[in-house]
Amino acid sequence: MSLKRIALRAGAAIVALVVLVVAAVFLIFPRVSSAPELKVETTPELVARGSYLFNSQFACGACHTPEMEPHRFSRVADEARIGAGRHMGGVPDFPTDVYAPNLTPTALGDWTDGELYRAIVSGVDRDGKPLFPVMPYPFYKSLDPQDVKAVIAYIRSLPPQPITMPRTKLPMPLPIFMRLVPADATPQTRPDGKDEVALGKYLAFTSSCFECHTKRNERGEPTGTPFAGGNPFGLPGGAMAISANITPDNETGIGGWSREEFIARFRSRNAEADARITPSGHDFDTEMPWSYFAGMTDADLGAIYAYLRTVPPIDSKVTLFTPASEK
Ligand code: HEC
Ligand code: HEC
């Protein structure tokens, strides 16, 4: 056999193998169980708890609620359109176009509670199609079922918003990789406040602190030192925010901050205050949804602080903001 023929055959075999692997991924994944049989018994207390979780602790609204227009500091929520969905734009360096869907009864009215539950913790829509993991379901899979049920009760109580959000567009090969991400939930019990560090850890991972404050690769997987920051976020106007080092390093992290200072930083960034600031792309702006987290209780913020004191201090200086280049 000539060398050319061998090369051709090898080439054909490789193509056939790739086609087979891709076909197998499409057939086998996402591998998640069917939606659970579930009926969330809605009570006013559960809805109130869900509102706290959705609008403060998990900051679901930071993605799923449109921001006030024009853009305000830290993406302040348009309170009249909670859960209506938001065009989130692209992931840097990828021709993606991400939309956080409308979660109000207009869009999800026909979903069962079980389908909604599975979407939040396992990352597939009601038809079992995978969700792009910008939606933090890889972290929500370990949520306490009581927290998920409260969020569902709240979502069910939202006023309908007659908006049809387009679906997210992703280039190849992302739709293939994405099929591997959804997984069955591995629920844990939300630690009670007696073990502050355990509660703080639960919150730091499920409230996206870890996700934003740890460097990630282009597939969004955390690859950096936990909580050492350095993730860039594009902002309206072309500026860039870079997540802070929140490890207890004295010089470059938050080692020098007292618990009171930590909580006060969150309180100073409430929606009302931030709504008055309209950054131009040249003055300080951020992707961190301070106005959402500002609504967290002292107990929850204090627990996060207590947990962050226990992670290894990392000496790594971050410049938190780079303005839009002068035109
Ligand atoms: C960082 C942004 C972000 C956060 C925070 C977030 N989501 Fe999402 N969510 C998304 C995006 C983006 C999608 C759509 C993914 C896609 O199109 O593949 C989505 C999809 C969903 C879906 C599926 C809806 C559908 O029509 O397919 C549900 C349900 C959902 N999110 C609920 C929640 C809840 C509840 C929370 C808080 C506990 C939350 N999300 C937090 C970005 C986010
Ligand atoms: C969507 C991404 C995102 C999320 C979620 C997020 N952060 Fe941030 N964070 C940032 C960015 C970007 C900065 C830098 C700009 C600024 O100060 O807002 C920052 C800054 C901070 C700072 C200020 C540090 C300093 O040196 O001034 C603290 C403290 C902080 N984050 C803690 C947290 C905690 C705790 C959570 C979870 C409850 C969290 N962040 C969630 C992106 C995020």
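Residues numbered from 1 in each chain as written. Chains lettered and ligands numbered in written order. Predicted model: local features only at pLDDT ≥ 70, side-chain atom pairs only at ≥ 80, totals over all residues. Heavy atoms only, no water.

The name given to the protein chain in an unreviewed UniProt entry is C-type cytochrome, and the organism recorded there is Parvibaculum sedimenti.

Kindly report on the packing of helix 9 (residues 196-206) against helix 14 (residues 298-308), identifying the contributing residues and their values.
Running from amino to carboxyl end, helix 9 crosses helix 14 at an angle of 95°, the nearest separation of the two axes being 7 Å. By the angle between their axes, helix 9 is roughly perpendicular relative to helix 14. For the pair helix 9 and helix 14, contact is made by Glu196, Val197, Leu199, Gly200, Lys201, Leu203, Ala204 and Phe205 and by Asp300, Gly302, Ala303, Ile304, Ala306 and Tyr307, respectively. Taken together, the residues of the contact of helix 9 with helix 14 sort by class into nine nonpolar, two polar and three charged. (Axes fitted to C-alpha atoms, helices over the stretch in contact; angles between N-to-C directions. Helix = DSSP H or I, 4+ residues; strand = E, 2+ residues; numbered from the N terminus. Parallel < 35°, antiparallel > 145°, perpendicular 65-115°, else oblique. Contact = heavy atoms within 4.5 Å. Nonpolar A, V, L, I, M, F, W, Y, C, P; charged D, E, K, R; others polar.)

Residue-level account of the pattern of salt bridges, with values.
One pass over the structure, following the stated rule, counts 15 salt bridges. The salt bridge partner of Lys39 is Asp113, with a shortest N-O separation of 3.4 Å. On the criterion of sequence distance, the pair formed by Lys39 in the loop between helix 1 (3-28) and helix 2 (44-57) and Asp113 in helix 5 (residues 113-122) is long-range, its members being 74 residues apart. The exposure class of Lys39 is exposed, given its relative accessible area of 63%. Of the charged contacts, one joins Glu67 and Arg75 as a salt bridge, the two residues approaching to 2.6 Å between their closest N and O atoms. Residue class for Arg75 comes out buried when judged on its relative accessible area of 12%. If you follow the salt bridges from partner to partner, you end up with Arg49, Asp147, Arg190 and Asp300 in one network. (Salt bridge = Lys/Arg side-chain N within 4 Å of Asp/Glu carboxyl O. Buried < 20%, exposed > 50% of the residue type's maximum accessible area, 1.4 Å probe, protein only.)

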